[in-house]
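# Understanding the architecture of this molecule
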Amino acid sequence: LLKAVQEQLKQTGKIRQVWFKCRQPGGSSMAAGVLAHLTMLFPYVYSMVIAHDKGTVANLFEMHNIFYENMGNDVRPMRRYFQKGTEMVFENPSDQTRIANPGLRSRIIVGEAKNLHLGPGRTIHGLHASEVARYGKPEDLKDGILPALSDSPGTIAIFESAAYYAAGASWFHNLCVRAMNGESEYEYHFMQWWQLPE
């Protein structure tokens, strides 16, 4: 899957993926890694992670924090804000030196699907929507977040979900079908449980 993501970036200049997955294949971790790479190594990146409930929000935020804490000292960006569970801002924390050395000025926001008022008024460069089929009101994603997603080279959008029947299931199914039929810019991948070594 990582090779497919790298190939799509090479061919199109951006990442647009939809993953229908079994439970526990590591899809959320991989999406978090791809998004962390963009946001923690490049300047002026606004990334958003959306999960279906508070527990998953906390888990995905902690993944990003683990990536940050395990970066080498030579590449780990300065971090100005760290609001546990919701936001990291990669910027110089010093008021005295920030103008001369601002840092990346990038950020990651992690939020719950029922609170999607974070998108309007911003340009999103990286988006990871986790367990989309479980969303209660996917129209908020469609109407509020997707219009804010930049179409520029280097941007990322990854939608992933295991099977589940909730309000978001139809929207996610449609996204998958359109990608499978080549009717969108998204590339479809199915992660089968029987292909996992364990």
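Scroll up for the structure.
Residues numbered from 1 in each chain as written. Predicted model: local features only at pLDDT ≥ 70, side-chain atom pairs only at ≥ 80, totals over all residues. Heavy atoms only, no water.

### Quick word on the packing of helix H2 (residues 27-41) against helix H3 (residues 54-69)
Selection criterion: Geometry is summarised by axes, namely lines fitted to C-alpha atoms with helices restricted to the contacting stretch, and by angles between N-to-C directions that run from 0 to 180 degrees. Helix numbering and strand numbering both begin at the N terminus, where a helix is a DSSP run of H or I of at least 4 residues and a strand a DSSP run of E of at least 2. Geometric relationships in this document are graded by angle, where less than 35 degrees denotes roughly parallel, more than 145 denotes roughly antiparallel, 65 to 115 denotes roughly perpendicular, and other angles denote oblique. By convention, the crossing between two helices is left-handed when the near helix turns anticlockwise from the far helix through less than a right angle, and right-handed when the turn is clockwise. Any two residues whose heavy atoms approach within 4.5 Å at even a single point are treated as in contact.
Two numbers describe how H2 lies on H3: the axes approach to 10 Å, and their chain directions differ by 50°. In terms of orientation, H2 and H3 fall into the oblique class. Of the two possible hands of crossing, H2 and H3 adopt the one that is right-handed. Along its contact with H2, which presents Ser28, Ser29, Ala32, Gly33, Leu35, Ala36 and Met40, the element H3 presents Leu60, Met63, His64, Phe67 and Tyr68.

### Focus: the pattern of salt bridges
Applicable threshold: Whenever a carboxyl oxygen of Asp or Glu lies within 4 Å of a side-chain nitrogen of Lys or Arg, that contact is scored as a salt bridge. Between buried and exposed lies partly exposed: a residue is buried under 20% and exposed over 50% of the maximum accessible area for its type, with that area taken using a 1.4 Å probe on protein chains only.
In total, this model carries eleven salt bridges according to the counting rule given. Note that Lys14 is salt-bridged to Glu185, the shortest N-O span being 3.1 Å. You can see Lys14 sitting in the loop between helix H1 (2-12) and strand S1 (15-21) and its partner Glu185 sitting in the loop between helix H5 (167-180) and strand S8 (187-191), a full 171 residues away along the chain. Note on Glu185: relative accessible area 39%, which makes it partly exposed. Between Asp151 and Arg16 there is a salt bridge, with its nearest N and O atoms 3.9 Å apart. Placement of Asp151 in the loop between helix H4 (138-145) and strand S7 (156-162) and of Arg16 in strand S1 is noted, with a sequence separation of 135 residues between them.

### Considering the sheet that holds strand S3 (residues 81-83)
Applied cut-off: Strands are treated as partners if at least two bridges between them are detected by DSSP.
In spatial order, the strands read S3-S4-S5-S2-S6-S7-S1-S8; together these eight strands make up an open sheet with mixed pairing. At either end of the open sheet lies a strand with only one pairing partner, and these are S3 and S8. In this sheet, adjacent strand axes meet at a mean angle of 10° when their direction is disregarded. With four bridges joining them, strand S4 (residues 87-90) and strand S5 (residues 106-112) adopt antiparallel strand pairing. Each bridged residue has a counterpart across the sheet, and for Val89 the counterpart in S5 is Arg107. Across the face of the sheet, H3 comes into contact with strand S2 (46-51), S3, S4, S5 and strand S6 (126-130) while running at roughly 160° to S5.

### Looking at the environment of Lys137
Assignment of secondary structure puts Lys137 in the loop between S6 and H4. Here Lys137 falls in the partly exposed class, since its relative accessible area comes to 49%.

### With respect to the pairing of S2
Moving residue by residue along a regular strand, the side chains alternate between the two faces of the sheet. S2 sits mainly inside the fold: six of its six residues count as buried. Covered by surrounding structure in S2 are Tyr46, Met48 and Ile50 together with Ser47, Val49 and Ala51, the residues of both alternating faces. In this structure, S2 lies alongside S5, joined through six bridges in parallel fashion. Each residue of the ladder has a partner; that of Tyr46, found in S5, is Arg107. Relative to S6, S2 runs parallel, the two being bridged by four bridges. Bridging from a neighbouring strand, Met48 pairs with Leu127 of S6.

Read these as geometric descriptors, not functional statements.
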